Amino acid sequence: MTAPDDAPNDWLLLSEPDAGPLEARLVQAALSAPRWSSGRMVERFERGFADWLGRGHAVAVPSGTLGTWLALRALGIGTGDEVIASTYGWHQVAQAVTLAGARAVFSDINYWSGCLDPVRAAAQVTPATRALVAGNVNGHPAAWEALGALAREHGLALVEDATESIGSRYRGRPVGSFGTVSVFDFSQPSALCCGEGGMLVTDDAALASELRYLRARSVADRQSVSVGARVPLQAAMSEVTAALGVAQLARIDEILERRKAVEAAYLEQMLSFEGIKPPYIAPDVDEVHWMLYLVHLGKRFTASAVAQVVEDLRTECIESALYCQPLHQQHHYTAQGWRRGQLPLAERIADRALALPLHGGLSPEQVGFIVKTLKDSSVNVGAGAAIY
């Protein structure tokens, strides 16, 4: 359960965009321009984003889902192909596999990081496998060295889902720099928030050219009879969305710093929970920027107890939610034969991973109130302190 659409201002929401005067100025500049699509602001956002990540090319798209669909099409993946993906995390990227006509083959996760486990993924490779889709779950980078080695060994495309993790770093490199193509999404609760929108990044010039071809038909192609040979989508980013992106990118260090201060307040307040551990960070990870603040409730919390905790928080105007309902448990995929029990680590985490508000607008006092309410609720439902 989440906050209602007409929630009053005193709600502590899971996410809020971090906007300032620069966003307003650039949006006004975009509105004053003669082109509201396929203009200079999109080009500026693409160029700046590629430079910020140190990648050769960036292609702006309406969402991470459409972007991943475009990427799979550009890689020639479709009907009859298999793509290995995690069942856990932000679903929309993995669901693009189905949109592309390929078969999603779900694999289990590393219990601690929540990311796709390279060893378990290797066991799923078949002659039909064409790609891996791996995400940096809630900001924690995946095991990119091992995943990259697996992709190279079997000649697979590696699609990096960076939708949850902008700013995180693995072995000295930012997320978004590990995939054959990497996918970002700028809808809430992304730290870099444009309301909607996404970005594909790659170092492959030919792939970037194909992505641009498939993204939309250009004005210059209006009289062409060959441009429809591969049927482009209408999947460009507007100038207004790009203006927000340019502004947010210019302020990204400031935005991430404020979120880090909120994270520090959570870490301090969580010490009041007996047995609570700080969020796990793998040895190869340099920096994690969490998308939301996750608390992993212990086995003493039944499904009904977790639901009651969410309701108790809601009563105090605190928005919270279970972080993920694994894809293999959802109807579209159960109809394909997937069943609960096949991916036990993802199921165990998903049953008790509770997402709490995380955004730069939260004060230490508000974080303290959230944690106290959570602690009181955990006692009231008879589960005691939350534990990992």
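Scroll up to find the structure this text is about.
Residues numbered from 1 in each chain as written. Predicted model: local features only at pLDDT ≥ 70, side-chain atom pairs only at ≥ 80, totals over all residues. Heavy atoms only, no water.

(A) Just the nonpolar core, in detail. Within the largest apolar cluster, 60 residues are counted, with the highest numbers of intra-cluster contacts made by Tyr88, Tyr266, Met270, Tyr323, Leu356 and Leu374. With five residues, helix 10 (residues 303-315) is the largest single contributor of residues to this core. (Core = buried A, V, L, I, M, F, W, Y, C linked by side-chain atoms within 4.5 Å. Buried < 20%, exposed > 50% of the residue type's maximum accessible area, 1.4 Å probe, protein only. Helix = DSSP H or I, 4+ residues; strand = E, 2+ residues; numbered from the N terminus.)

(B) Here's a closer look at the sheet that holds strand 6 (residues 169-170). The strand order 7-6-10 describes an open sheet built from three strands, whose pairing is antiparallel. Edge positions in the sheet fall to strand 7 (173-174) and strand 10 (285-287), since each has one partner strand and no second. In terms of strand pairing, strand 6 meets strand 7 through two bridges, oriented antiparallel. Bridge pairing in strand 7 places Tyr170 opposite Arg173. (Pairing = 2+ DSSP bridges.)

(C) How the structure looks around the packing of helix 9 (residues 252-270) against helix 13 (residues 364-380). Two elements in contact, helix 9 and helix 13, have axes separated by 9 Å at closest approach and are oriented at 40°. Taken together, helix 9 and helix 13 sit at an angle that is classed as oblique. Crossing angle aside, the handedness with which helix 9 passes helix 13 is right-handed. Touching Val262, Ala265, Tyr266, Gln269 and Met270 of helix 9 are Pro364, Val367, Gly368, Ile370, Val371 and Leu374, all from helix 13. (Axes fitted to C-alpha atoms, helices over the stretch in contact; angles between N-to-C directions. Parallel < 35°, antiparallel > 145°, perpendicular 65-115°, else oblique. Left-handed = near helix turned anticlockwise from the far one by under 90°. Contact = heavy atoms within 4.5 Å.)

(D) Molecular detail of the pattern of salt bridges. Across all of its chains, the model carries 16 salt bridges by this definition. Close ionic contact of Asp18 with Arg251 constitutes a salt bridge, the shortest N to O distance being 2.8 Å. With Asp18 in the segment before helix 1 (21-32) and Arg251 in the loop between helix 8 (239-250) and helix 9, this residue pair connects regions lying 233 residues apart in the sequence. With relative accessibility at 12%, the residue Asp18 sits in the buried group. (Salt bridge = Lys/Arg side-chain N within 4 Å of Asp/Glu carboxyl O.)

(E) The sheet that holds strand 1 (residues 57-61), seen in detail. Reading across the sheet, the seven strands line up as 1-9-8-5-4-2-3 and stay open at both edges, with mixed pairing between neighbours. The outermost strands of the open sheet, each flanked by one partner alone, are strand 1 and strand 3 (103-107). Between one strand and the next, the sheet's axes are offset by a mean angle of 25°, whatever the strand orientation. Both strand 2 (residues 82-86) and strand 4 (residues 129-135) contribute to a ladder of four bridges, which runs parallel. Its bridge partner lying in strand 4, Glu82 is registered against Thr129. Packing against the sheet, helix 3 (residues 64-74) makes contact with strand 1, strand 5 (157-161), strand 8 (181-185) and strand 9 (198-202), and its axis sits at approximately 165° to strand 8. Taken strand by strand, helix 4 (residues 91-99) contacts strand 2, strand 3, strand 4, strand 5 and strand 8, and its axis lies near 165° from that of strand 2.

(F) How the structure looks around empty space enclosed by the protein. Across all of its chains, the model carries six cavities of 30 Å³ or more by this definition. The calculated volume of the largest cavity comes to roughly 120 Å³. Lining the largest cavity are 17 residues; nearest its centre among them are Ser86, Tyr88, Trp90, Gly135 and Asp161. Secondary structure elements with two or more residues in the lining of the largest cavity: strand 2, helix 4 and strand 4. Of the volumes computed, that of the second largest cavity is approximately 90 Å³. What lines the second largest cavity is a set of 16 residues, and nearest its centre among them are Glu164, Ser165, Ile166, Ser190 and Ala191. For the lining of the second largest cavity, the secondary structure elements donating two or more residues are strand 8 and helix 9. Of the residues in the lining of the second largest cavity, the class split is nine nonpolar, four polar and three charged. (1 Å grid on protein atoms, 1.4 Å probe; cavity = no way out; pocket = protein on both sides within 12 Å on 5 of 7 lines; lining within 4 Å. Points joined across faces, edges and corners; volume = space filled by probe spheres on them. Nonpolar A, V, L, I, M, F, W, Y, C, P; charged D, E, K, R; others polar.)

(G) Seen up close, the side chain of Ser177. Turning to its location among the elements, Ser177 is positioned in the loop between strand 7 and strand 8. For Ser177, the contacting residues outside a window of four places in its chain are Arg55, Glu160 and Ser182.

(H) Fine view of unusual backbone geometry. Looking along the chain, the bond that leaves Gln188 and enters Pro189 is cis, with omega of 10°. Here Pro189 shows up in the loop between strand 8 and strand 9. Phi angles above zero are rare outside glycine, and Asn138 is one such case at about 55°. Along the chain, the position of Asn138 falls in the loop between strand 4 and helix 6 (144-154).

(I) Region of interest: helix 1. For helix 1, built from twelve residues, the straight-helix expectation of 16 Å at 1.5 Å per residue is met to within 8% by its first-to-last C-alpha distance of 17 Å. When we look at burial in helix 1, the residues that qualify are Glu23, Leu26, Val27 and Ala30. The buried residues of helix 1 occupy one face: seen down the axis, they fall within an arc of 100°. Among the exposed residues of helix 1, those pointing more than 90 degrees away from its buried face are Pro21, Arg25 and Ser32. (Expected span 1.5 Å × (residues − 1). Arc of directions from axis to C-beta.)

Fair warning: the whole summary comes from geometry, so function is off the table for now.
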